[in-house]
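Here is what each chain is made of, one letter per residue.
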Amino acid sequence: MSPVKVRLSVKALLTVSAAALLLAGCARTGEIDATGGITAVRSACPVVGLAAGTGDVTLFDPPASQDASAIDLVATMTNVRGSCNDSGDEIVTTISFNVEARRTGTEGARDVQLPYYVAVVRGGSQVTAKRVSTVTLHFDAGQARAEVSGAGTTSISRAAATLPQEVRDRLTRKRKAGDEDAAVDPLAQPEVRRAVLSATFEALVGFQLTDAQLRYNVTR
C-alpha cells in the first residue's frame, strides 16, 4: 500500500506508546523466563482501536457557531471491535463499530450522513493507508436518538508485519547471570526498537472531522 497523506493534526492524535504497541495483542509477552530469555509471541494482526480525538462529532446550527445553545446533533462511536484473518500473505482486518447519536430538534424525519475513516498506522505515527466512508443515521419524526452500525477493512503485508529473524533472535536469546549484556534490555538498543516499531501496525477508526470539529473536540 502506498502512503496516504492525512491532516497533520489528526496524524498527531494517532500517536501511541511504542512500548505498548510491542506488547499489545500478545499473551504473556515481554516476560523474562526462568532461563533468561524474553518470551515474545507477537501477533501479526494490527491492534484495533478508536483514534484519540475523533471518536465523536458535534454538529451546530448555525454551522459557524460553537455555542452550547447551538448544538444540533452529537454522535459517538462505540463498541469498536476487530476480526483478523492472518492466514495468508495479506493480513486482512475487519473493523466494526456502532454510532449512537442524539439530536436537539425532533421535528420531522431526518437523515444525517457522517463521514468516518479507517486508517493503518505503522510504528505509532506513520499513516500508511486511509479510506473514508459514510454512515447514515435515520431519525423518525419526534425521535431524538438514532443508532447505526458501520464497518471497514484494512490489509497489511505479512512481510511488513514480521520481525527480521536477527531481531527476533536478539529479543529471545537466553541470557545468564554474569553475561556482559545480561542486564541490558534489548529493546533499549535503537536498531531493535526501530525494527519492532516498523513491524507494528494499528487499524484505527474515527470520524472524518473538519479542522473546526477537531479543534472543538480537543479544546472543549
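Since we're looking at a predicted model, the values are computed, not measured.

Enquirer: Explain the nonpolar core to me, please; I cannot follow it from the model alone.
Expert: Within soluble globular proteins, side chains that are nonpolar generally end up buried alongside one another. Grouped together as the largest cluster of nonpolar side chains are 23 residues, with contacts concentrated most on A75, V99, L114, L137 and F207. Elements with a contribution of two residues or more to this core: β4 (56-60), β5 (71-85), β6 (90-103), β7 (110-122), β8 (126-139), β9 (145-157) and β10 (201-207). Filtering out sequence-adjacent residues up to four positions away, V99 remains in contact with A75, T76, M77, L114, V135, L137, A146, E147, V148 and F207.

Enquirer: I would appreciate a short explanation of helix α5 (residues 211-219) in the present structure.
Expert: The periodicity of an α-helix, 3.6 residues per turn, causes residues three or four positions apart to be oriented the same way. Listed in full, the buried residues belonging to α5 are Q213, L214, Y216 and N217. The buried residues of α5 all sit within an arc of 160° when viewed along its axis, so they share a single face. The exposed residues of α5 that point more than 90 degrees off its buried face are R215, V218 and T219.

Enquirer: How do you make sense of the state of the cysteines when you look at a structure like this?
Expert: By definition, a disulfide links the sulfur atoms of two cysteine residues through a covalent bond. The tally for this structure, following the rule as stated, stands at one disulfide. Put simply, C45 and C84 are joined by a disulfide, and their sulfur atoms are 2.1 Å apart. Residues C45 and C84 share a disulfide whose torsion about the S-S bond is about -90°; that sign makes it left-handed. Remark: C84 occurs in strand β5 and C45 occurs in the loop between β2 (38-39) and β3 (47-50); sequence separation between them is 39 residues.

Reading the values: rules and limits
Residues numbered from 1 in each chain as written. Predicted model: local features only at pLDDT ≥ 70, side-chain atom pairs only at ≥ 80, totals over all residues. Heavy atoms only, no water. Core = buried A, V, L, I, M, F, W, Y, C linked by side-chain atoms within 4.5 Å. Buried < 20%, exposed > 50% of the residue type's maximum accessible area, 1.4 Å probe, protein only. Helix = DSSP H or I, 4+ residues; strand = E, 2+ residues; numbered from the N terminus. Contact = heavy atoms within 4.5 Å. Arc of directions from axis to C-beta. Disulfide = S-S within 2.5 Å.

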